[in-house]
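# Structural overview for review
This is what each chain is made of:
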Amino acid sequence: MDRTLTLLGIETSCDDTAAAVVRAPAQGGPEILSSEVLGQTALHEAYGGVVPEIAARAHAERLDVVVETALARAGVGLGAIDAIAVTAGPGLIGGVLSGVMLARGLAAARGLPLVAVNHLAGHALTPRLTDGIGFPYLMLLVSGGHCQFLLVMGADSFRRLGGTIDDAPGEAFDKTAKLLGLPQPGGPSVEAEAALGDPARFRFPRPLLDREGCDMSFSGLKTALLRARDALVAEKGGITVQDRRDLCAGFQLAVAEVLAAKTARALAMVAGEHPTTLAVAGGVAANKTIRAMLETVSEQAGLPFLAPPLRLCTDNAAMIAWAGIERMRAGLENPPDFVARPRWPLDQTAPALLGSGKKGAKA
Ligand code: KG4
Ligand code: ZN
């Protein structure tokens, strides 16, 4: 029988400094005792994207306080921790190193085991933390930095079915917002405008729909939007509030339709393996239009649809602690001499994805 495990998780791979304590009892579901996330949006705002050096420095400066807060809120001391799980990649290497160094120091000082966790595995295993779903399941990871379909078969067993070959959808939302003078992060502001717009007025491209498999491309969409905006400006000297709403609605529908069509494809590709669930994670999964379309696709395939609560869909350390617990429970090896990695594909057999997003390598 499994023993109770209490892990401290540490996450610093992008622009959130996060620490969490998760306890998995011998029997029954796991419990998130605390989950602290300190964002850095304000630090990077002026630069139009995450600046790696600023991110790394901010992580190094704040991580000890975030860890202390996570332990205090959980009501446990380090003495109650069985192991430390830390994101060892993929991500901005300076940030990853800040987390790994702190984790190493704590583990050495307290004689605790250290578990190196792949950030993407953290996202991919979250539906088991929140809902205890069984393997295998299909996961669509869709955020500002990631976009890929994974068949999740075990704690360390993932098959990447496809993903974006250029921008991640969240990045496309952010760039669209920028082009239209809307506030960052772009997703929520574009969604709010789109709700008041006519999605049929501008017909944006649905790239790669004619290509087999479930790879996607979102960078052309942004160019199409730029052209449509410039055409309006050339014609009328500017864009009206309604133009902007219609552009947002057309853009959002294009992203949603591509994601839905490719999700249907991914589901068909793995039908023979009888996935238990279609799960989504990442900030873009908050979008109501996208979520509704994915839910429909899931229903059509006869599968339950699962979107964990947003605070666990976006970057956090509870998912890292949980992935550590999954690794320990599965009896996987956790060599203490691991290295921090900027790129670390979950599925080592899948061909490399192209490109690197504004938030770093997409792996
Ligand atoms: O998962 P996340 O918090 O961070 C990483 O990228 O790792 O995702 C953030 C991304 C941003 O690009 C943001 O614009 C997008 O998710 N996003 C949304 C929505 N809320 C956040 N995109 C579309 N619709 C939304 N409602
Ligand atoms: Zn992430």
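Note that the coordinates shown come from a computational prediction; the quantities given were computed from them, not determined experimentally.

Scoring rules and cut-offs
- Residues numbered from 1 in each chain as written.
- Chains lettered and ligands numbered in written order.
- Predicted model: local features only at pLDDT ≥ 70, side-chain atom pairs only at ≥ 80, totals over all residues.
- Heavy atoms only, no water.
- Donors = N, O, S within 2.8 Å, 3.2 Å for Na, K, Ca; no water.
- Tetrahedral: all angles 85-135°; square planar, octahedral: opposite > 155°, others 65-115°.
- Buried < 20%, exposed > 50% of the residue type's maximum accessible area, 1.4 Å probe, protein only.
- Domains from an automatic or database assignment.
- Contact = heavy atoms within 4.5 Å.
- Buried area = accessible area lost by both parts, 1.4 Å probe.
- Salt bridge = Lys/Arg side-chain N within 4 Å of Asp/Glu carboxyl O.
- Near = heavy atom within 4 Å.
- Polar contact = N/O pair within 3.5 Å; in protein donor to acceptor, adjacent residues only side chain to side chain.
- Areas by Shrake-Rupley, 256 points an atom, 1.4 Å probe, with all protein chains shown as cover.
- Helix = DSSP H or I, 4+ residues; strand = E, 2+ residues; numbered from the N terminus.
- Nonpolar A, V, L, I, M, F, W, Y, C, P; charged D, E, K, R; others polar.
- Phe/Tyr/Trp six-rings, centres within 6.5 Å; stacked < 30°, edge-to-face > 60°.

### Brief notes about the coordination of the zinc ion (ligand 2)
- For the zinc ion (ligand 2), every protein donor is listed as His119 (NE2), His123 (NE2), His146 (NE2) and Asp315 (OD), and the spread of their distances is 2.1 to 2.6 Å.
- Taken together, the four donor atoms coordinating the zinc ion (ligand 2) span angles of 86 to 161 degrees at the metal, a pattern that classifies the geometry as irregular.
- Taking the relative accessible area as the measure of exposure, His123 reaches 1% and is therefore buried.
- Look at Asp315 and you get buried, because its relative accessible area is 15%.

### What to know about the domain arrangement of the protein chain
- One can read the domain layout of the protein chain as domain 1 (5-134 + 314-346) and domain 2 (137-310).
- The gap between the C-alpha centroids of domain 1 and domain 2 is 27 Å.
- Facing the 20 residues of domain 1 at the interface are 21 residues of domain 2.
- Carbon and sulfur atoms supply 71% of the area buried between domain 1 and domain 2, which totals about 1700 Å² over both sides.
- The tally of links between domain 1 and domain 2 comes to one salt bridge.
- A salt bridge links Arg327 to Asp156, with the shortest nitrogen-to-oxygen separation between them at 3.7 Å.

### Looking at the site of ligand 1
- Taken together, 19 residues lie near ligand 1, and Gly144, Asp174, Gly187, Glu191 and Gly283 sit nearest.
- One of the backbone nitrogen or oxygen atoms of Gly144 is found 2.7 Å away from an oxygen atom of ligand 1.
- In this structure, a nitrogen atom belonging to ligand 1 sits 3.1 Å away from a side-chain N or O atom of Asn287.
- Bound to the protein, ligand 1 loses 90% of the 560 Å² it would expose on its own.
- If you list the elements that add at least two residues to the shell around ligand 1, you get helix H5 (169-179) and helix H6 (186-194).
- Here the shell around ligand 1 gets four residues from one element, more than from any other, and that element is H6.
- When grouped by side-chain class, the residues that make up the shell around ligand 1 number five nonpolar, ten polar and four charged.

### A short note on the packing of aromatic side chains
- Across all of its chains, the model carries three aromatic pairs by this definition.
- Centre to centre, the rings of Phe135 and Tyr137 are 6.1 Å apart; their planes meet at 5 degrees, and the pair counts as stacked.
- Owing to a relative accessible area of 28%, Phe135 belongs among the partly exposed residues under this scheme.
- On the basis of relative accessible area, Tyr137 is assigned to the buried category, the value being 0%.
- On the numbers, 6.2 Å between centres and 15 degrees between planes, the contact of Phe202 with Phe204 is stacked. Summarising the burial analysis for this pair, Phe202 and Phe204 share the class buried.

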